[in-house]
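Chain by chain, the residues run as shown.
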Amino acid sequence: MALIITPAQLSRRSEFYHQLAQLTAAGIGLVAALGQLQRNPPERSFREPIKRTLNELARGSTFTESLQSAGEWLPAFDVALLQAGEHSGRLDACFRLLADYYRDRARIARQMISDLMYPAFLFHFAIFILPFAQFFTTGNTAVYLAKTFGVLIPVYVVVFAFIYALQSKHGEAWRARLESLLHPVPVLGTARRYLALSRLSIALESLISAGVNIVEAWPLAANASGSPALRKAVDAWTPLLASGQTPADILGNSHVFPELFTAQYATGEISGKLDETLRRLHTYFQEEGTRKLRAVSEWVPKIIYLIIVLFIAYSIVQFYSHQYGPGSDLDKILNGKD
């Protein structure tokens, strides 16, 4: 798996799942569909892991076990959601969900990169041009490099570390820490929670509609949500569910799930239309989570641009103050000081 996942890689992963959804929905078996993609993959790097997956399937392993044995070429979230799809017999729906998920992520990432191009150019321009006057008068190359690359390199390291930390390929312990850090962040934290609830809702609906026992369905759906907090909360329900309590009763005492989800789920459980309710919850949280994520992608570049403009303005004021303000060489000459 690549160190940093780019928008192009996200698009190719979306295309991979899109093709799988099309082939399986058309009645082509999973093995035949994977064989077709091995011969004509969206990305050449997919060919070898698909081959390993097919080999494991030929040995009698389940699809989930085959994916896990093929190496870490897919994030744990993907494997968990596909596991729910395999249990429910609705892999094609999970393939479509993952295709839409990665397509949205690629589009949002491209938009943010595009919006950040001008602020990034402005920042680099300021870094190189502001110390140039001093370099021009003194000719001190070491000082100029320290004031330019000495600033840029730490910035590059911080940006790279931040992007790496947000990648979905990390283990659950890392993702749990990241989730707890981003949880209180306005808009972004809510967007991540909503998207996790959306994935949980559709996975749970698929499992219940396929006749999977509710005690088994909830942990599988929570694992498919990609949220360590949701999975941990649901894992603690096991003895309560086994004792006869319904999920609606437990949700009423849970602070992890929002009131909207709890109320809608309870209504669906009582009315006997839980599958319809979960589909509606999936749609709502998917749309709201995506909308908030797009808002973040639009406002983050604007905030960065404002910070850079303020930095440039401050640097210009400092430069003129140093050159022409009280105590400067010009001030000493005008006032007859040594």
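**Q** Would you explain the overall build of the protein in this entry?
**A** In terms of regular secondary structure, the protein is built from 17 helices and zero strands. Relative to its length of 338 residues, the protein is extended, with a C-alpha radius of gyration of 27 Å against a globular reference of 20 Å. Along the first, second and third principal axes, the C-alpha set of the protein runs to 95 × 50 × 30 Å. When burial is assessed residue by residue, the protein has 40% of its 338 residues classed as buried. The contacts of the protein with a sequence gap of at least 6 include a subset with a gap of at least 24, amounting to 60%. When the accessible area of the protein is evaluated, it comes to approximately 18,500 Å², of which 61% is carbon and sulfur surface.

**Q** Teacher, can you tell me more about unusual backbone geometry here?
**A** At Val-187, a position not held by glycine, the phi torsion is positive, near 65°. Mapped onto the elements, Val-187 comes out in the loop between helix H9 (172-182) and helix H10 (188-209). Using a relative accessible area of 36% as the deciding quantity, one classes Val-187 as partly exposed.

**Q** Where do I start with a nonpolar patch on the surface in this structure?
**A** Taken together, the side chains of Tyr-118, Phe-121, Phe-125, Ile-129, Phe-132, Phe-136, Tyr-305 and Val-309 define a hydrophobic patch exposed on the protein surface, amounting to about 840 Å² of accessible area. When residues of the nonpolar patch are traced back to their parent elements, those giving at least two are helix H6 (91-129), helix H7 (132-138) and helix H16 (274-324). Broken down by element, the residue count for the nonpolar patch peaks at four residues, all from H6.

**Q** Please clarify how the packing of helix H5 (residues 76-88) against helix H11 (residues 214-224) should be interpreted in this entry.
**A** For any two helices packed against each other, the geometry comes down to the angle between their axes and how far apart the axes lie. With their axes 7 Å apart at the nearest point, H5 and H11 run at an angle of 150° to one another. Accordingly, the angle class assigned to the pair H5 and H11 is roughly antiparallel. Here the hand of the crossing between H5 and H11 comes out left-handed. Across the interface between the two elements, Phe-77, Ala-80, Leu-81, Gln-83, Ala-84 and His-87 from H5 touch Glu-216, Leu-220, Asn-223 and Ala-224 from H11.

**Q** Teacher, can you tell me more about the environment of Asp-235 here?
**A** Residue placement: Asp-235 occurs in helix H12 (residues 228-235). The spatial distance from the C-alpha of Asp-235 to the C-alpha of Pro-219 is 6.3 Å, given a sequence separation of 16 residues.

**Q** Can you help me understand helix H8 (residues 141-165) in this one?
**A** An α-helical turn contains 3.6 residues, so any two residues separated by three or four positions project in the same direction. For H8, with 25 residues, the first-to-last C-alpha span of 35 Å sits near the 36 Å given by 1.5 Å per residue. The sharpest bend along H8 reaches about 25° and sits at Phe-149. Of all the positions in H8, only Tyr-144, Thr-148, Leu-152 and Ala-165 are classed as buried. Buried residues belonging to H8 abut H6, H7 and H9. The backbone nitrogen of Ala-142 has a side-chain oxygen 3.3 Å away, supplied by the residue at the start of H8, namely Asn-140.

**Q** Honestly, H11 in this entry has me stumped. Any pointers?
**A** Along H11, the residues classified as buried are Ala-217, Trp-218, Leu-220, Ala-221, Ala-222 and Ala-224. Lining the buried residues of H11 we find H5, H10, H12, helix H14 (247-252) and helix H15 (259-271). Its side-chain oxygen at 2.8 Å from the backbone nitrogen of Val-215, Asn-213 defines the N-terminal cap of H11.

**Q** Explain the packing of H6 against H8 to me, please; I cannot follow it from the model alone.
**A** Put simply, H6 and H8 touch, their axes get as near as 8 Å, and they point 150° apart. In terms of axis orientation, H6 runs roughly antiparallel to H8. For the pair H6 and H8, contact is made by Phe-123, His-124, Ile-127 and Phe-128 and by Tyr-144, Lys-147, Thr-148, Phe-149, Val-151, Leu-152, Val-155 and Tyr-156, respectively. Split into classes, the residues belonging to the contact of H6 with H8 amount to nine nonpolar, two polar and one charged.

Calculation criteria
- As a convention, each chain's residues are numbered from 1 in the sequence order in which they are written.
- Reporting in this predicted model follows two pLDDT cut-offs: at least 70 for local features of residues, and 80 or more for side-chain atom pairs to be given and counted; totals over whole chains, interfaces and linings ignore these cut-offs and use all residues.
- Heavy atoms throughout the structure, all of them, feed into the side-chain values; hydrogens and water do not.
- Secondary structure elements are defined from DSSP: runs of H or I of at least 4 residues count as helices, runs of E of at least 2 residues count as strands, and each element is numbered from the N terminus.
- Every radius of gyration here is taken over C-alpha atoms, with the globule rule written as 2.2 Å times N^0.38, N being the number of residues.
- Per-residue accessibility, obtained with a 1.4 Å probe over protein chains only, is compared with the maximum for each type, and a residue is labelled buried under 20%, exposed over 50%, and partly exposed between these values.
- Any pair of residues with heavy atoms lying within 4.5 Å of one another is described as a contacting pair.
- Each accessible area is a Shrake-Rupley result for a 1.4 Å probe, and residues are judged covered by the shown protein chains and nothing else.
- A patch consists of residues whose relative accessible area exceeds 30% and which take part in no salt bridge; residues with like charges are grouped when within 9 Å of each other, and nonpolar side chains (Val, Leu, Ile, Met, Phe, Trp, Tyr) when within 5 Å.
- Definition used for salt bridges: Asp or Glu carboxyl oxygen within 4 Å of a side-chain nitrogen of Lys or Arg.
- Under this scheme, a helix contributes an axis fitted over its contacting stretch, all axes are lines through C-alpha atoms, and angles between N-to-C directions fall in the 0 to 180 degree range.
- Here roughly perpendicular refers to angles of 65 to 115 degrees, roughly parallel to angles under 35, roughly antiparallel to angles over 145, and oblique to all remaining angles.
- Two helices cross in a left-handed way if the nearer one is turned anticlockwise from the farther one by less than a right angle. They cross in a right-handed way if the turn is clockwise.
- Here the expected length of a helix is defined as 1.5 Å per residue gap, with one fewer gap than residues.
- We define the bend at any residue as the angle between the axes fitted to the seven residues before and including it, ending there, and the seven starting there.
- In the analysis that follows, any N or O atom pair within 3.5 Å is treated as a polar contact, provided that within protein one partner can donate a hydrogen and the other can accept it, and provided that, for residues neighboring in sequence, both atoms belong to side chains.
- Just so you know the grouping, Ala, Val, Leu, Ile, Met, Phe, Trp, Tyr, Cys and Pro go in nonpolar, Asp, Glu, Lys and Arg go in charged, and all remaining residues, Gly too, go in polar.

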